[in-house]
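Report on the structure
The residues making up each chain are set out below.
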Amino acid sequence: MASGVHAAADGVAALGISAGAGEWAEPCPALRRNLHLLSHDQVELAKMLLNEGQGHLFEHWPEPGVDDDKKKNFFDQVFRLNSSYPGGLAAYIQNAKKLLADSKAGQNPYDGFTPSIPSGEVLTFGDDNFVSLEAAGVKEARNAAFVLVAGGLGERLGYKGIKVALPRETTTGKCFLQHYIESILALQEASCKMEGECHTKIPFAIMTSDDTNALTIKLLESNSYFGMEPSQVKILKQEKVACLADNDARLALDPNDKYKIQTKPHGHGDVHSLLYSSGLLEQWKNTGRRWVLFFQDTNGLLFNAIPSALGVSATKGYNVNSLAVPRKAKEAIGGITKLTHVDGRTMVINVEYNQLDPLLRATGHPDGDANCETGYSPYPGNINQLILELGPYIEELKKTHGAISEFVNPKYTDSTKTAFKSSTRLECMMQDYPKTLPPTAKVGFTVMDAWLAYAPVKNNPEDAAKVPKGNPFHSATSGEMAIYRANSLILRKAGAQISDPVVSTFNGQEVEVWPRVTWSPRWGLTFKDVKQKVHGNSSVSQRSVLVINGRNVVIDGLSLDGALIVNSVDEAEVKVTGHVENKGWIIQHVDHRDTSEKEETRIRGFKFEKVEQLEVNYTEPGKHCLSP
């Protein structure tokens, strides 16, 4: 035993720390007593932590011989946090100190900038321009790659799983990830068809985190990638960053493990550095890709917007195209803004809603973030869907390596801003990418109606019920009802008679309940597709459910009052006509506190009682007619 102690002392001496020395560690006796356990690299990390004011991390450390493995594991984590952040943990802490000081002082991050209304494209659903842009976008889709940022769990929603596994809507129960993949495959097929014969496989990258990585892979593998070839899908896992306990940027220890630093995701801005370091962008360029489309994990309407928005990028030559919707003033969604600096620099950028109002007030707009005569803010709402032109994107990342400017958003306990309600961390957002672009970059946006393109699922029932009247709930309830509304309005525009909605309240949220209409992406990828498949004097009553699974299903003179599900193989051509009436499906209210129900049901506040339905399956090629 004695020889082991001598060996340890010799090891410490070799580091230039005599057994009684380690003066640099004097302010932290608990660490000093344990120094001989550490490797040279670990000692250097310990020095760095003390230099950066992090001595509290070691205060609880017991004598050598107790929890020694946990102490070494602590430094394994510090090593990972240090190596995964540009400039290391010291840079992270220093950046945090500056950003926290600015936050406490109420510093305006846009000091010196004057906001103005940017220029972009405003589309009207269903008109000739929209239809031609959709066609241009579908043609261009074979030159695109898609990137889904899916690093977050559904905790804020009141759901313990990964968000992309949640049902997009509960009529079919298809999850968000299945819908996204089926939409990309439908685009791939339609794009190739326009070219005659092509065998392009559209690449699909998913950014995960420690929280979501294993569950995302399991969801894909257990569902055979929802029909996509596994080689098309690439998983990129982002690392987390250390949490901050206070305004001095003291790192927070994990409440469940005092030998671990608490960590949280750094934000979806990491997607740029991950794409750069993975080499995927160069691969995509070498296989003829021209566009990269980024999207978020729980917007069930987003693929309604993608064909026309990609058409805008292609016809306007935008290097950066941000998808946007009309935005109500002070709504919790960033506004796309043109900023001009006193030195003449300009940029078109997303400004977060909590920064837009003070920025406007500070630059001669006494009402701040206010609606104009249209009833909406003149600054379109950013929905975090970006279309980047690949060539210029790669050139920019060669300079920045994908680093994105950061921010901090602590939740303070009171107006003194001296303490946090819970730990915070530095964050970065993928839509801040244009901040580093030269003024010559073509940065634009495409605005579409929110009913068509934007219904994110992010708020739990309690938070959603507190949303001010007239503002969107952004909950599982509103997200599902928005899908039925969009599909009903698209069918209406295509010439069908769709009954008006009724208003109902679920989990304290008053929503419009339209007929529960849903279809697979290959049936209605674009408005032109839908229009070609809706004929005659078709009608759907408010209480009805209509599910179309199949490519070649034509609605021609259908009168539906009940539940109808049509499933068909690609080679079958199905005409649906006549009067279908049955008892249908009844919507039942569910209380979000009712633990006898599944989480995904509770957060919606409703479920379907499938009393009666007509379900037809066409498994044989050829022409078929459903005429009850």
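Quantities reported herein were computed from a predicted structural model and do not represent experimental measurements.

When helices and strands are counted, the protein chain shows 18 helices and 31 strands. What you see for the protein chain is a C-alpha radius of gyration of 28 Å, in line with the 25 Å of a compact globule of 628 residues. Taken over the C-alpha atoms alone, the protein chain extends approximately 95 × 60 × 50 Å along its principal axes. Across the protein chain, every contact between residues at least 6 apart in sequence was considered, and the portion connecting residues at least 24 apart equals 70%. Approximately 26500 Å² of the protein chain is accessible, and the part contributed by carbon and sulfur atoms is 49%. Once the 67 positive and 74 negative side-chain charges of the protein chain are each reduced to a mean point, those two points are 2 Å apart.

With 100 residues, the main nonpolar core has Phe146, Leu177 and Phe204 as its most contacted residues. With 8 residues, helix H7 (residues 176–194) is the largest single contributor of residues to this core. Split by domain, the residues of this core number at least three in each of domain 2 (121–330 + 382–458) and domain 3 (476–626). Discounting residues that sit within four places of it in the chain, leucine 177 has contacts with Leu148, Val164, Phe204, Ile206, Leu219, Leu220 and Phe226. Membership of the second largest hydrophobic core comes to 39 residues, among which are Ala30, Leu45, Met48 and Tyr85.

This next bit is on the packing of helix H6 (residues 128–140) against H7. Helices that pack against each other are described as a pair by the angle of their axes relative to one another and the distance between those axes. At a closest axis distance of 7 Å, the pairing of H6 and H7 adopts a crossing angle of 95°. By the angle class used here, H6 and H7 are roughly perpendicular. Contact residues: Ala135, Val138, Lys139 and Glu140 in H6; Leu187, Ala190, Ser191 and Met194 in H7.

All right, on to the packing of H6 against helix H11 (residues 302–316) then. Between H6 and H11, the least distance of the axes is 6 Å, while the angle of their chain directions is 85°. On the basis of their axis angle, the class for H6 and H11 is roughly perpendicular. Across from Phe130, Leu133, Glu134, Ala136, Gly137, Val138 and Glu140 in H6, the residues of H11 making contact are Asn304, Pro307, Ser308, Leu310, Gly311, Val312, Ala314 and Thr315. Class assignment of the residues belonging to the contact of H6 with H11 gives a composition of 8 nonpolar, 5 polar and 2 charged.

Within this structure, the stated rule accounts for 25 aromatic pairs. Between phenylalanine 125 and tryptophan 451, the ring centres sit 5.3 Å apart and the planes meet at 80°, which makes this aromatic pair edge-to-face. Of the two residues, phenylalanine 125 is situated in the loop between strand S2 (121–122) and H6 and tryptophan 451 in helix H14 (residues 450–453); the sequence distance between them amounts to 326 residues. By relative accessible area, phenylalanine 125 is classed as buried at 9%. On the basis of an interplanar angle of 50° and a centroid distance of 5.6 Å, the ring pair of tryptophan 585 and phenylalanine 608 is categorised as tilted. Highlighted residues: tryptophan 585 in strand S28 (residues 585–589) and phenylalanine 608 in strand S29 (residues 606–610), separated in sequence by 23 residues.

Let us look at helix H16 (residues 476–493). For H16, built from 18 residues, the straight-helix expectation of 26 Å at 1.5 Å per residue is met to within 8% by its first-to-last C-alpha distance of 26 Å. Among the 18 residues that make up H16, 14 are buried, leaving the element largely enclosed by the rest of the structure. One or two residues past the end of H16 sits glycine 495, with phi positive at roughly 115°.

It is worth spelling out the pairing of strand S11 (residues 320–327) at this point. Taken across its 8 residues, S11 has 7 buried, putting it largely inside the fold. Here S11 pairs with strand S14 (residues 377–389) via 6 bridges, running antiparallel. Bridge pairing links asparagine 321 to isoleucine 387 in S14. In the sheet, S11 pairs with strand S17 (residues 443–447) via 5 bridges, with the strands oriented parallel. The residue of S17 that forms the bridge with alanine 324 is valine 447.

Right, let's get into the sheet that holds strand S26 (residues 563–568). Read across the sheet, 4 strands follow the order S21-S24-S26-S30 without closing on themselves; strand pairing throughout is parallel. Of all strands in the sheet, those bounded by a partner on one side alone are strand S21 (516–519) and strand S30 (614–618). Neighbour-to-neighbour, the strand axes of this sheet turn through a mean angle of 5°, independent of strand direction. When strand S24 (residues 545–549) meets S26, the two strands line up parallel, connected through 5 bridges. In the sheet register, valine 547 faces S26, and the bridge partner there is isoleucine 565.

Attention now moves to unusual backbone geometry. In this structure, lysine 330 is a non-glycine residue whose phi angle is positive, near 65°. Residue position: lysine 330 is located in the loop between S11 and strand S12 (335–341). We classify lysine 330 as partly exposed; its relative accessible area is 47%. One non-glycine residue, asparagine 507, lies in positive phi territory at about 50°. Mapped onto the elements of the fold, asparagine 507 is located in the loop between strand S19 (502–506) and strand S20 (509–513). Overall, the relative accessible area of 12% leaves asparagine 507 in the buried class.

For the structure shown, the criterion picks out 35 salt bridges. Put simply, lysine 160 and glutamate 599 hold a salt bridge, and the shortest N to O gap is 3.2 Å. Taken together, the positions of lysine 160 in the loop between strand S3 (144–149) and H7 and glutamate 599 in helix H18 (residues 599–602) put the pair 439 residues apart, joining distant regions of the chain. Taking the relative accessible area as the measure of exposure, lysine 160 reaches 67% and is therefore exposed.

Quick look at the pairing of S26 now. Buried residues dominate S26, accounting for 6 of its 6 residues. Burial along S26 is two-sided: the residues Ala563, Ile565 and Asn567 and Leu564, Val566 and Ser568 are all buried.

Per the domain assignment, the segments making up the protein chain are domain 1 (23–84), domain 2 (121–330 + 382–458) and domain 3 (476–626). Each of domain 2 and domain 3 has a C-alpha centre, and these two points are 28 Å apart. Between domain 2 and domain 3, the residue contacts involve 34 residues of the former and 32 residues of the latter. Both faces considered, domain 2 and domain 3 share a buried interface measuring about 2700 Å² in area, 65% of it formed by carbon and sulfur atoms. There are 3 salt bridges connecting domain 2 and domain 3. Residues glutamate 189 and arginine 551 are paired through a salt bridge, measuring 2.1 Å at the closest nitrogen-oxygen approach.

Each value, and the rule that gives it
Residues numbered from 1 in each chain as written. Predicted model: local features only at pLDDT ≥ 70, side-chain atom pairs only at ≥ 80, totals over all residues. Heavy atoms only, no water. Helix = DSSP H or I, 4+ residues; strand = E, 2+ residues; numbered from the N terminus. Rg over C-alpha atoms; globule rule 2.2 N^0.38 Å. Contact = heavy atoms within 4.5 Å. Areas by Shrake-Rupley, 256 points an atom, 1.4 Å probe, with all protein chains shown as cover. Lys, Arg positive; Asp, Glu negative; His and termini not counted. Charge placed at Lys NZ, Arg CZ, Asp CG, Glu CD. Core = buried A, V, L, I, M, F, W, Y, C linked by side-chain atoms within 4.5 Å. Buried < 20%, exposed > 50% of the residue type's maximum accessible area, 1.4 Å probe, protein only. Domains from an automatic or database assignment. Axes fitted to C-alpha atoms, helices over the stretch in contact; angles between N-to-C directions. Parallel < 35°, antiparallel > 145°, perpendicular 65-115°, else oblique. Nonpolar A, V, L, I, M, F, W, Y, C, P; charged D, E, K, R; others polar. Phe/Tyr/Trp six-rings, centres within 6.5 Å; stacked < 30°, edge-to-face > 60°. Expected span 1.5 Å × (residues − 1). Pairing = 2+ DSSP bridges. Salt bridge = Lys/Arg side-chain N within 4 Å of Asp/Glu carboxyl O. Buried area = accessible area lost by both parts, 1.4 Å probe.

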